[in-house]
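Structural description and commentary
Listed below are the residues making up each chain.
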Amino acid sequence: MGAVLSFASFAAVVSMPELAWEADRGAELRATYETYHETGVLLVKQIDTGSPRTQSAAASDPGSDRVELIAAAWNDDTGAYLAASLMGHLTGSTSPYPGLSLLMAILVATPLLWLPTSVARIFRRARAGYALILLPAAMWLLNQGTILVGTEYGLSDSVSTLRVHAFYGVAASLAFLSLALILHLSTYRLSWTRVIVASAGLVFIAGLGNVTKSFSGVGVAIAVGVLWWLMVNDRLRWVRALAAAVVAVSLSVGIQTAVTTLVDAGRSSAILTTSAETPDFHGTWQQLYLGLSHPQSITGEPSVFEISPDPEETRELVAEVAPEVTVGSAEYDAILRDAYFTAISAEPLDAVGLYLAKALYVIKQFGAMIAFIIVAYVIAMMRRSPQRRLLKASLAIASPTLMVGLASAVLVLPDLYHYAELSAALGLLVTVSLGGLVWSLTSMPSHVRSMERSRLSRRLGARLAPDDVRSHTSVIVPTRNGESVIGDTIDQLAERLRSGDEIIVVENGSTDRTTAVLEDLEGSWSHGCALVVLHSGAGLGEALRTGVLASSGQWLLLTADDLPFGFSDLQEFNKLSADTVVAVGSKAHPESEVVRSSRRVIQSRVFRFLRAALLQSRVGDSQGTIWVEGDWARSFALLSREMGLMWTTELVLAAEQQGIRVEEVPVSLSDAHETGSSRFRLADAWASVVGFTRLAVYKDDYANETWTRTTAQLEEEQSRAREGSTRADR
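Notes on the structure in this doc start here. It should be emphasised that the depicted structure is a prediction, and the values quoted were computed from it without experimental measurement.

Here is what the cut-offs are and how they apply
Residues numbered from 1 in each chain as written. Predicted model: local features only at pLDDT ≥ 70, side-chain atom pairs only at ≥ 80, totals over all residues. Heavy atoms only, no water. Helix = DSSP H or I, 4+ residues; strand = E, 2+ residues; numbered from the N terminus. Expected span 1.5 Å × (residues − 1). Buried < 20%, exposed > 50% of the residue type's maximum accessible area, 1.4 Å probe, protein only. Phe/Tyr/Trp six-rings, centres within 6.5 Å; stacked < 30°, edge-to-face > 60°. Pairing = 2+ DSSP bridges. Right-handed = clockwise from strand over helix to strand, strands pointing away. Salt bridge = Lys/Arg side-chain N within 4 Å of Asp/Glu carboxyl O. Contact = heavy atoms within 4.5 Å. Patch = residues over 30% accessible without salt bridge, like charges linked within 9 Å, V, L, I, M, F, W, Y side chains within 5 Å. Areas by Shrake-Rupley, 256 points an atom, 1.4 Å probe, with all protein chains shown as cover. Axes fitted to C-alpha atoms, helices over the stretch in contact; angles between N-to-C directions. Parallel < 35°, antiparallel > 145°, perpendicular 65-115°, else oblique. Left-handed = near helix turned anticlockwise from the far one by under 90°. Nonpolar A, V, L, I, M, F, W, Y, C, P; charged D, E, K, R; others polar.

**Concerning helix 19 (residues 420-442)**
Note that an α-helix has 3.6 residues per turn; residues three or four places apart therefore point the same way. Spanning 23 residues, helix 19 covers 34 Å between terminal C-alpha atoms, matching the ideal 33 Å at 1.5 Å per step. In terms of residue burial, helix 19 counts as a mostly covered element, since 20 of its 23 residues are buried.

**Focus on the packing of aromatic side chains**
Applying the stated criterion across every chain, the model contains 16 aromatic pairs. Look at Tyr81 and Phe167: their rings are 6.3 Å apart centre to centre, the planes differ by 75°, and that puts the pair in the edge-to-face class. On the criterion of sequence distance, the pair formed by Tyr81 in helix 3 (residues 79-91) and Phe167 in helix 8 (residues 166-186) is long-range, its members being 86 residues apart. Using a relative accessible area of 1% as the deciding quantity, one classes Tyr81 as buried. Classification of Phe167 as buried rests on a relative accessible area of 6%. With a centroid separation of 5.2 Å and 50° between ring planes, the pair formed by Trp285 and Phe341 is classed as tilted. Of the two residues, Trp285 sits in helix 12 (residues 284-291) while Phe341 sits in helix 15 (residues 330-346), which places them 56 residues apart along the sequence. Through a chain of ring-to-ring contacts, the aromatic side chains of Trp21, Tyr81, Phe167, Tyr168 and Tyr417 assemble into a single cluster.

**Describing the pairing of strand 3 (residues 473-479)**
For strand 3, the buried fraction is high: seven of the seven residues fall into the buried class. Here strand 3 shows no split at all, with Thr473, Val475, Val477 and Thr479 on one side and Ser474, Ile476 and Pro478 on the other all buried. Both strand 3 and strand 6 (residues 555-558) contribute to a ladder of four bridges, which runs parallel. In the strand pairing of strand 6, Thr473 is matched with Trp555. Pairing geometry for strand 3 and strand 4 (residues 502-507), over six bridges, is parallel. Paired with Ile476 across the bridge in strand 4 is Ile504. Running through helix 21 (residues 486-496), the crossover from strand 3 to the neighbouring parallel element strand 4 is right-handed.

**What to know about the pattern of salt bridges**
As enumerated under the stated definition, the model contains 14 salt bridges in all. The partner of Lys213 in a salt bridge is Glu421, and the shortest N-O contact between them spans 3.1 Å. Placement of the pair is Lys213 in the loop between helix 9 (192-212) and helix 10 (218-231) and Glu421 in helix 19, with a sequence separation of 208 residues. On the basis of relative accessibility, which here comes to 14%, the residue Lys213 falls in the buried class. Of the charged contacts in the structure, one is a salt bridge between Lys575 and Glu572, with a shortest N-O distance of 3.4 Å.

**Looking at helix 11 (residues 237-268)**
Taking 1.5 Å of rise per residue, 32 residues should cover 46 Å, and helix 11 covers 46 Å from first to last C-alpha, within 8% of that figure. Regarding helix 11, the residues found buried are Arg237, Ala241, Ala244, Ala245, Ala248, Ser252, Ile255, Val263 and Arg267. Of the surrounding secondary structure, the elements contacted by the buried residues of helix 11 are strand 1 (44-46), strand 2 (69-71), helix 3, helix 9 and helix 10.

**Quick word on a nonpolar patch on the surface**
A surface patch of nonpolar side chains, amounting to about 330 Å² of accessible area, comprises Met1, Val4, Ile133 and Leu134. Mapping Met1 onto the fold places it in the segment before helix 1 (2-14). Under the relative-accessibility criterion, Met1 is labelled partly exposed at 31%.

**Let's talk about the packing of helix 10 against helix 18 (residues 387-411)**
Where helix 10 meets helix 18, the axes come as close as 7 Å, and the angle between the chain directions of the two elements is 160°. The pairing of helix 10 with helix 18 is recorded here as roughly antiparallel in orientation. Between helix 10 and helix 18 the crossing geometry is right-handed. Contacts between helix 10 and helix 18 involve Gly219, Val220, Ile222, Ala223, Val226 and Leu230 from the former and Arg389, Ala393, Ala396, Ile397, Pro400, Thr401 and Val404 from the latter. When the residues that make up the contact of helix 10 with helix 18 are grouped by side-chain class, the tally is 10 nonpolar, two polar and one charged.

**Observations regarding the sheet that holds strand 3**
Strand pairs in the sheet, formed through backbone hydrogen bonds, run parallel or antiparallel to each other. Taken together, seven strands build an open sheet; the order of strands is 5-4-3-6-8-7-9 and the sheet is mixed. Unpaired on one side and paired on the other, strand 5 (530-535) and strand 9 (662-665) mark the two borders of the sheet. The mean angle between the axes of side-by-side strands here comes to 20°, regardless of whether they run parallel or antiparallel. When strand 4 meets strand 5, the two strands line up parallel, connected through six bridges. The residue bridging Ile504 from the neighbouring strand is Val532, located in strand 5. Against the sheet, helix 21 touches strand 3, strand 4 and strand 5, its axis set at about 165° to strand 4. Strands in contact with helix 26 (residues 630-639) are strand 6, strand 7 (582-585) and strand 8 (625-629); relative to strand 8, the strand with the most contacts, it is inclined by about 105°.

**Points about the packing of helix 15 against helix 16 (residues 348-365)**
For the pair helix 15 and helix 16, interaxial distance at closest approach is 5 Å and the crossing angle is 100°. Considering the angle they form, helix 15 stands roughly perpendicular to helix 16. Counted together, Tyr340, Ile344, Ser345 and Ala346 of helix 15 and Pro348, Ala351 and Tyr355 of helix 16 form the full contact between these two elements. For the contact of helix 15 with helix 16, the residue count by class is six nonpolar, one polar and no charged.

**Focus: unusual backbone geometry**
The step from His294 to Pro295 runs through a cis peptide bond, and the omega angle for that step is 10°. Turning to its location among the elements, Pro295 is positioned in the loop between helix 12 and helix 13 (296-299). For Glu306, which is not glycine, the phi dihedral falls at a positive 55°. Tracing the sequence through the fold places Glu306 in the loop between helix 13 and helix 14 (311-321). Residue class for Glu306 comes out exposed when judged on its relative accessible area of 73%. A positive phi angle, close to 55°, is found at Asn481, a residue other than glycine. Relative to the elements of secondary structure, Asn481 occurs in the loop between strand 3 and helix 21. The class of Asn481 is partly exposed, set by a relative accessible area of 31%.

Distances and angles like these do not, on their own, reveal function.
As C-alpha cells, this is what we get:
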C-alpha cells in the first residue's frame, strides 16, 4: 500500500509542468545554478546577472583574467538554491527546475512508503493502514484539489496566483517527512542507542528544514522531545523530554548556521571584491511589517495601518530614511523593525484585532481538514482502548509544528506561500484521522457483535453434536468430483486409524458419482473407526468448516481426497509434542521430498510471495495438510470467513496472529499426485490474490484472541440455539 501511494504521488509531482519562481528570485536561481556548474562554487554568480537586488558592490581585481563573481541569494533562504544546484548532477539539465521537480517528488513520495504501516501499528489493525488508499481522494476533497499530502506544492488561488513552487514546497515536505518518521518511531519501543541515533537523524533533517525556510524545523526539533517522552517511563521523563527538545532545537539552529558558514567559506576565495563584505541577510522585520497590510492582498480593503502589501512601497519607505541602504541588510531590517513597532504601539487594539482576524482566516482556509481531524479523533478517542495512547502521541508530535506554522502564517501574510508547516502538520493528522475513522467504524462493538451473532448462529445450528465419548483423531476429507480416488483413500485411512477415531468426508458440489460412492461406502462400513458423510456448499473452505464443526476429535487431520503425501505427514505429526496446536505438512520444509513441474513451482512461489507480502506470514506452506488441536480448530471454524482455497491459509494466519507457533513437518509428495492434472486454474490464482487482500484487511481480528471455550461449552451454545429454534417453531 505504501508503495502504491508513493508511486502515485511521485508520478503526480513529476508530471506537473515547470513551476517557475518569481521573476527576481527565478533570475537568481538560474544565475547560481549556471555558475555552480561552471565553477563548482555554491551560491555565487557573475556580476550583473541574477536578481538586481543582490548586486553587491564589486570591482575587478587588476591583473586578473578571471570572471568576477559575487555572492548570490544572500537576501533569501538558501536551501532551495543549494538543492537545485546539487540536483543538477542527477538531471544533467541546463535548467534548475527538473532537479527541483525530482527532489520534490522524492520528498513527497518517501514518507508514504511507511505511513500505512505506521497507521496500522497505531490502531493495531491492518485495515487502518489499508484505508490510506483513500488518502489522495481525501486530500483532494479537503485541501483545494491536490492529492499530495503534507504540502501545498502546485496549488494556487485568487490571492497566491503563482503556483506554489519548490522554494516553499521543499520546506513543507521536509517537515512532513520528519513528522512521519517520528510518528513511525513512536509505534516502537526503542533502545537508548536507537533513540539517540534516531534523534540525531531527525535533528539533521530539522536543520536542513531551517536552511530552506527559517525556523521551519523548530517544530520538528521540539517533537524529538515528544519521542523521548514516549520512550522513557520513569519519574524524570518530563525532564528528559524537555532537555531533549532544547538540545534538538539548539542543534537544528546550529546546523543551519554551520551550513551557512560552510557555504560562505567555500565561496569566499572565489569572490573578487574590493568593497565591504557581503551583507548578512536580515528579512524578519520586513515580513512582519508587510503582515500589517492585511487584508488588502485578500479582499482589496485597506489595512487599518494603511500599509501596502507591495514590497516596492516598503523599499521606498526605507529609502526615505536611508537612501543608500542595501535591501535586506541589517540596517534595512532595523528601519522596518522601528516602523513595525511604531505602527502597533500607536494602535495596539487594532493590532490585536488584525492578528485575530488573520488567525481566523487561516483556520477557515484549512477548515475542512481541521473539521475532518476533529471528528475522526473524537470518534476514535471515545473508544476505551490501548490505541488512545498513540493517538494522543500523534497529536503531541504534530502540535509543535502546527503552532510554528500558525504563528508564521498569522504574523506575516496569510497566503499559500506561508503555509509550509501547517500543511505538514495537518497532513500528518489527516493521515492518522483517516485510518482512525476506518478503524472506529469497522470495529465498533455493536457492529461486530451484530455480524458475529448472525454468522455464528447459522453455524451453531448446522453443527452436529459430538459423541459423548470424544475420539482421539478426526480426519476431515473434503471431496469434490473425487469418485476415482475417494474409496481407496477412505480404506487406507481406516486401516491406519484406531477404534473410536472418525473419518468425516464432506462432499461439496460434486457433479460425478462421488455421492453415490460415498453412500455405498457408508452402507457397507465395517471398520473400527467411524465414518461420517456430510454435504456442504461448494468450496473447499465450506467443506473443511463443516467437517471441523462436526468433529469430536482431540486432534484433527485435514487432508485431501487423494492423500497427496501418503501417510508421510501423519507419521511426522505423531512425533510432535503434546502441546502443539497447529502443524502443517509443508512442501516448503527443507527435508521434504517434492519433485514438481515448472508450472507448479511457479504457482507455489507466487503464492508464497503474496502470502509473505500481504500477510507477513512466516509459514512456508499454508496449503499443505493440517494437524490441529480440536477445540482450537472448532473455535476457529466458528469465526472463519473464507469459503474457498484460502481457508487453511486463514487458519494458519489466525494461529500466527495469536502468537501460536505453527510447526512445519517434512513430507513426501506422491508421484501419482504430481502426475495428475493440476486443479489450479487462472480463476483460482485471481481468487487467491483477492483472498490474500481480504485476509490482510481482517487478519487483526484474530490478534489477542484467546479461545478457551471447550467442546462442552460449544455443545451448550448449540443446545440453546436449538431450543430457541424449537420455541420459534411452536
